[in-house]
Amino acid sequence: MIDAALFSSALGALAPILFAALAGALCQRAGVFNIALEGTMLVGCFAGVAGSWYTGSVWLGVLTAMLAGTVYSLIVATGVVTFGADAIVLGVAANLLAVGLTSYLIQTVFGSRGTFSDPGLAGLDPVEIPVLDRIPVIGEILSGHSVLVYLSWLAVVAFAVVLYRHPWGLRLRGVGERPEAAASLGVPVDRYRYGVILVGGALCGLAGAQLALGNVTLFSENMTAGRGWIAVVAVLLGRALPYGVLAAAVLFGLAEAFGFRLQGLGLPQQLTDAAPYVVTLVALFVFSARVRARRVVTRGTE
Amino acid sequence: MTLHRAESADSAEAPAVELRGIVKRFATLLANDHVDLSAAPGEIHALMGENGAGKSTLMSVLYGMVQPDEGTISLAGQPMSFASPAEAIAAGIGMVQQGFALFDSLSVSDNVIFGAEPTRRGLLDRRAARAGVTELIERHELRLRPDDRVGDLPVGVRQQVEILKLLYRRARVLVLDEPTAVLTPAETDRLFAVLRDLAGQGHTVLLVTHKLHEVTAVSDNVTVLRDGRVTLSAPTSATDRAKLATAMTGRDVDLDRVYPPGRPGEEALSVRGLTVRDRGRTLLDDMSLSVRAGEIVGIAGVAGNGQNELVAAIAGLLESDAGAVLVGDRDISDLGVRDRRAAGIAYIPEDRGDVGAAPGARLADNLAVGFHRRPPLLRRGLLRPGEFRRHAERIIERFDVRAPGPAAPMRTLSGGNQQKAILGRELAHEAPVLLVEQPTRGVDIAAVVDIHTELIAYRDAGHAVLLVSAELSEILGLADRILVMYEGRIVARFGKDEADVNVIGMAMAGAAL
Amino acid sequence: MNNLRAVSFTVLAALLLGGLLLGATGADPLTAYWSIVEGAFGPDGIPDTLAYAVPVVGMATALAIPLRAGLVNLGGEGQLVLGAISAIAVGLQVPGPLGIVAALAAGVLAGGAYAAAAALCETRLGVPLLVTTLLLSYPAMSLAAYLVRFPMRDPGSSLPQSGQLPPDVRLPVLAGSGVTVGLFLIAAAAVAFAVVDARTPAGFEARVTGWGPRFAEYAGIERPRLTLRLLFCSGGLAGLVGAVVVLGFPYRFIDGALITPQYTWIGLLAALLAFASPLGTVIAALFFAALTSGGFAMERATQVPRELTAVLQAVLILFLAATTGVLRKRRRTV
């Protein structure tokens, strides 16, 4: 039931969610509730596959995914920051647009409906890490993932360093906590918000690339299947803290891998699909039961 | 009608800051109409005016948050223009905003360096930051520690963090917008001492305030704005409170109106041993008090000493951990907000825009809240729009609310009229007990007088009023009895006649009496 | 009036952008647009539009109900699917006209109870409603997917779908169209929402909560109870929509059939864009329904994939959202 392969597959499953959740956490820190992660990730999936297919290079595919994610997130950035539109409306609309756009493009670009896959499509190869891959169990778990999986871990560390050790992070936290105060200290709030949304777009692009070129090598309609929403939940569960988000994503990855394992034991896939959501929900209950002890004082004491 | 500017003491020296002919329009509103203001190095200059007189706009222009339509800014004789606060900061202007611009989750040191962070190899240099901040704290003899979290600090101390921020940025011109609104008399004195000290070192201080006695206490020169224009500009020594008040309001104001005492009857509200704790902190500590019909009991104290919690716990908005609340003989401790209101509590909250009203909704809807489950607004299970309108019109007329009509959104009313509308709605309940918080905050002087008169009339009609106010003068003017709160407890009680500003001030600061 | 002008301008701008997109794919934009209009409102198109409008208007209204109080129900899909599968389960057991009533009731109860569970998770356990509704949605969809593959599967078919309802447990079809009397049920729900919203204390209190949650609390409105009630109504209506859909052609639950057309998300956007006003929500939802059914016609007429109308629709929504944002911003600064 529980062995190294389970954890190894959990690491693959969590990487896309981790990228997307970091994107969400970054935005959250700057006071932008970004729920367009799902759609941006889906655009990343498509762009990654298209880029890899037309250039023949998986790396150019990954790059295309990042660029596409960044460009796509301009929608949310301009809408929310420049026009002051409601972030939820824009997020839902951007997600809808992503589904429509990718379904449309898969037909016009690849001429197929539903799914595109081809033996000639270059995917991400697993990387065997020297020395580490010799160690039993640990090597089996940690070695042999795509480069993007390792990059997602680095991204967590980078996020933490920037957030706590770099002037940008300090300002970002200020922008999220009290935008008008940050502005009065000469910090350009709108520019910071644009920045996080666009960087978040690039991260969602990476999430899509890992999903479509790492975990599998194909594009299919709506293939993100709610992972962007799980990332949104991971941001809330992890309170937009770098390692909190990591923990939440790990929980989800484990649940997904575990569900997959249960399928092997004969449980229908439709039921095990629900595992990540149920696990997340239970985690939220446990977590918030602890927080709930804190009574919400009805007004500030300032 | 611009009066001549007061010449600075040393006319050979260029003014540290000079604003000339500033004009700023917002849509149809002329917020600043050819305003002149100048202050010399080492001067404390007071800028006065009522809400909406254009003080904030003028300071926003100086700080680069708003671009003027006409006029010039010069610093030390050099013409300047600021496209953003960053440019104003770089030119040596620093501003402490009303309600502070601090980040509660960050340390004192991080707050101070925010936006001007020292770095080492690309990352924050926290050691250099702490050293710099410590050096400034010591030089100016402030009572601060760099590593404390700002959210944990008392309000008076936060004020010092704000000033520290300006000094860290080497600001030569310090703008303070209503800095004493949340301070005790002692903290105010302490702040003024710091300001005088800074002026002595050559800084220029612009003090935005509406408190007459502060102007006379600390400033060298004063400029008064009304309706966007300068109505008075003179050395402080050449003016007095009456002149300033007239310049602010455009008419003679009776500043020291004395109301007759109330005639207390039966006990209408009693609070027994009320206790509220939150995360290990005791916000309200075994609090007991009573208010009789026909009297106003005033709660004095520095903001954040449990006044909000006391009122919220009485109104049912905050769960209490122990104690009882009675209206007349009836124990309402177990009731929710709605049932408490039905049992005889009306409530005018401190926060007009968020708690007391819905700014985006129509005035009629705002005024209907609380009346919508009984006739005449409700008949045979259905609401009657015509009655909504008539109900609103009654309150608008009775309380002289200046509004385009019942269908106007609440936010289109001025602060004073919003407050009169809320006051009207709550008084219309004719509840035996009225809770009032900061009834005149952000309200122009004319409306202040109206509101005070209404509260006195409500008391004289035989109702009990519990008044919380940060304006000590308001408490002294209205209350029949005064209770002073400090750290969740009542630390002193005074009758109307035995009240003395200094003694109350000491009690507010927690001094044992 | 200003708002109307801004919105018309937005629609025009979006149409222009869509025209460019259409032109880029080689289609004649005018022909394409005309085929959309004809497909949506022409004599052949209206039944299609209505058939699509029933679920979209239903879901839009369902999601507008809590939105009136500022509560966002992101779990419409789960409530819709759960209502549909419950209606089928009951409809296959109870024969005759009673079966219709029982199936509809089962749909309402299942959707309502499920949404109410999400509400309780917020009010009792403190997990934000946005999250609980969303997270609960997926297990509901998984459950339905499982049921129609295993216990409830149509034995005569290889597809993941339930058995077909017997002829006497089907909603009557309106003469000459594929639309069932479910249309009236949904219309009645929308009217009821409008009346309750405008003319009852409960509706007023929901609006007050939407204006400001702290104002509502101050006024003595009990938020937990309000949340629970609104979510039950919301989920109940979503469940009713599910039941109405499966009690119409093809009289069975097909996995994915309620999700793929994006009824829920389009409905949510209609509600959000109309600020949950009852009439505005219905109008916005009808507009989107017409656009979608017109999209099918356009695909037939011009070979442009109908997904492009989904793109047009989303572009339009983005423009509208930006416009409302600007309007809101402008109002605030005055």
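**Focus on the confidence of the model for chain B**
Next, step 1: Per-chain confidence: chain B averages 88 in pLDDT, with 96% of residues scoring 70 or above.
Next, step 2: In this model, residues 1–11 of chain B is a region of pLDDT below 50 whose contacts with residues beyond four sequence positions or in other chains number 18 contacts.

**As for helix α2 (residues 37–55) of chain A**
Residue and element names in this part refer to chain A.
Next, step 1: The terminal C-alpha atoms of α2, which comprises 19 residues, lie 26 Å apart, in line with the 27 Å expected from a rise of 1.5 Å per residue.
Next, step 2: Judged by how many residues are buried, α2 sits mostly within the fold: 16 of 19 residues are covered.
Next, step 3: Downstream of α2 by one or two residues, G56 has phi in the positive range, about 75 degrees.

**Overview of the interface of chain C and chain A**
How large an interface is tends to be reported as the accessible area lost when its parts come together.
Next, step 1: Of the residues lining the interface, 38 residues belong to chain C; the matching set on chain A comes to 38 residues.
Next, step 2: When contributions to the side of chain C that touches chain A are tallied by element, the ones reaching two or more residues are α6 (129–147), α11 (263–273) and α13 (307–333) of chain C.
Next, step 3: For the side of chain C that touches chain A, the class distribution of residues is 28 nonpolar, six polar and four charged.

**Concerning the pairing of strand β9 (residues 173–177) of chain B**
Residues and elements named next belong to chain B.
Next, step 1: Within β9, five of the five residues are buried, which leaves the element mostly enclosed by the surrounding structure.
Next, step 2: Of the two faces of β9, both are covered, the one formed by V173, V175 and D177 as well as the one formed by L174 and L176.
Next, step 3: Bridge count for strand β6 (residues 93–96) against β9 is four bridges, and the pairing is parallel. Bridge pairing links V96 to L176 in β9.
Next, step 4: Of the pairings in the sheet, the one linking β9 to strand β10 (residues 204–209) comprises five bridges and is parallel in character. Looking across to β10, one finds that L176 is bridged to L207.

**Notes on the sheet that holds strand β13 (residues 267–278) of chain B**
Residue and element names in this part refer to chain B.
Next, step 1: On the basis of which strands lie adjacent, the open sheet formed by four strands has the order β14-β13-β16-β17 and antiparallel pairing. Both edges of this open sheet fall to β14 (281–292) and β17 (330–331), since each of them pairs with a single strand only.
Next, step 2: In terms of strand pairing, strand β16 (residues 322–327) meets β17 through two bridges, oriented antiparallel. Note on β17: the bridge partner recorded for V327 is R330.
Next, step 3: Helix α9 (residues 307–315) rests against β13, β14 and β16 of the sheet, and its axis sits at about 65 degrees to β14.

Parameters and conventions
Residue numbers here run from 1 along each chain, matching the order of that chain's written sequence. Lettering for chains starts from A, numbering for ligands starts from 1, and both go in the order in which the items are written. Only residues with pLDDT of at least 70 get local features here, since the model is predicted, and only at 80 or more are side-chain atom pairs given and counted; chain-wide, interface and lining totals rely on the full set of residues. The quantity called pLDDT is the predictor's confidence in a given residue, expressed from 0 to 100. Throughout, a residue-residue contact means that the two C-beta atoms, derived from backbone geometry, are no farther apart than 7 Å. Runs of H or I in DSSP of at least four residues are treated as helices and runs of E of at least two as strands, each being numbered from the N terminus. How far a helix is expected to stretch is found by multiplying one less than its residue total by 1.5 Å. With C-beta atoms placed from the backbone, a residue is labelled by how many other C-beta atoms lie within 10 Å of its own: buried for 20 or more, exposed for 12 or fewer, partly exposed between the two. The residue classification treats Ala, Val, Leu, Ile, Met, Phe, Trp, Tyr, Cys and Pro as nonpolar and Asp, Glu, Lys and Arg as charged. All others, Gly included, are polar. A pair of strands is considered paired only if DSSP assigns at least 2 bridges between the two. An axis is simply a line fitted to the C-alpha atoms; with a helix, the fit covers only the stretch in contact. Between two such axes, the angle follows the N-to-C directions and lies from 0 to 180 degrees.

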